[in-house]
Amino acid sequence: MKTPLDRCDGALLAAFAAVALLGTWNNCLLVNDGGVQLSSGWLGNAWDLYLSQLSGRAIALLVTFGPAWAARWAFDLGPASYVTVAHALYFAVPLLLWVAIRAIEPHRVFSRLYLATALALVYFPTELILGAGLWMIWVAVAVDPARSMRQVVMT
């Protein structure tokens, strides 16, 4: 059974919440590569051109900005609402990865390390955040002594 949040986890989550709130408030993604992705999603077919130029980043872009584009389409969001929703969904991705790591890790070290790393990387290109989370999930699986070598390799 997993332990509830302790002071370290609470402090990291509070710091991440502060970063997410400040980032949404000042539209931080518009000064990062997010500005290009958000506008591509807003302009519709511009996404195809952008994605074809950066196909190596496709998975990270779809995971981090795809939900915002889907929300824009589903709810017919105006520009200001779209940018706010896009920021909220963008910051939700590291939290979801943190929850996934926390669910499978044998110790709290990996989820804490990931959240601390995400705090530093949240304003950087999206593939760093997603890649760090996926690697941390693999490491959390790999160090669990209850897992066989086959499970580790398959992961």
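Residues numbered from 1 in each chain as written. Predicted model: local features only at pLDDT ≥ 70, side-chain atom pairs only at ≥ 80, totals over all residues. Heavy atoms only, no water.

> Looking at this structure, I do not really get the overall build of the chain. What am I missing?
From N to C terminus, the chain includes 8 helices and 0 strands. Mapped from its N terminus to its C terminus, the chain presents α and β elements in the order α-α-α-α-α-α-α-α. Expressed as a percentage of its 155 residues, the buried residues of the chain come to 41%. Considering only residue pairs separated by 6 or more positions, the chain has 69% of its internal contacts joining residues 24 or more positions apart. Accessible surface, the chain as shown: approximately 8700 Å² in total, 71% of it carbon and sulfur. (Helix = DSSP H or I, 4+ residues; strand = E, 2+ residues; numbered from the N terminus. Buried < 20%, exposed > 50% of the residue type's maximum accessible area, 1.4 Å probe, protein only. Contact = heavy atoms within 4.5 Å. Areas by Shrake-Rupley, 256 points an atom, 1.4 Å probe, with all protein chains shown as cover.)

> Could you clarify how one ought to interpret the packing of aromatic side chains in this entry?
Two aromatic rings, taken as a pair, are described by how far apart their centres are and by the angle between their planes. Overall, the coordinates contain 2 aromatic pairs when judged by the stated rule. Ring centres of Phe-16 and Phe-91 lie 6.3 Å apart, and the angle between their planes is 80 degrees; this geometry places the pair in the edge-to-face category. One end of the pair, Phe-16, is in helix α1 (residues 7-25); the other, Phe-91, is in helix α5 (residues 79-104), with 75 residues separating them in the sequence. Across the pair, Phe-91 and Phe-16 agree in class, each one buried. Relative to Phe-91, the ring of Tyr-90 has its centre 5.3 Å away and its plane inclined at 80 degrees; by these criteria the two rings are edge-to-face. When its relative accessible area of 3% is taken as the criterion, Phe-91 is described as buried. Ring pairing ties together the aromatic residues Phe-16, Tyr-90 and Phe-91, which thus form one cluster. (Phe/Tyr/Trp six-rings, centres within 6.5 Å; stacked < 30°, edge-to-face > 60°.)

> It is not clear to me how the nonpolar core should be interpreted in this structure. Could you clarify?
Soluble globular proteins tend to bury their nonpolar side chains together. Within the largest apolar cluster, 34 residues are counted, with the highest numbers of intra-cluster contacts made by Tyr-90, Phe-91, Tyr-114 and Val-122. Those elements that place two or more of their residues in this core are α1, α4 (58-75), α5, α6 (109-121) and α7 (126-142). (Core = buried A, V, L, I, M, F, W, Y, C linked by side-chain atoms within 4.5 Å.)

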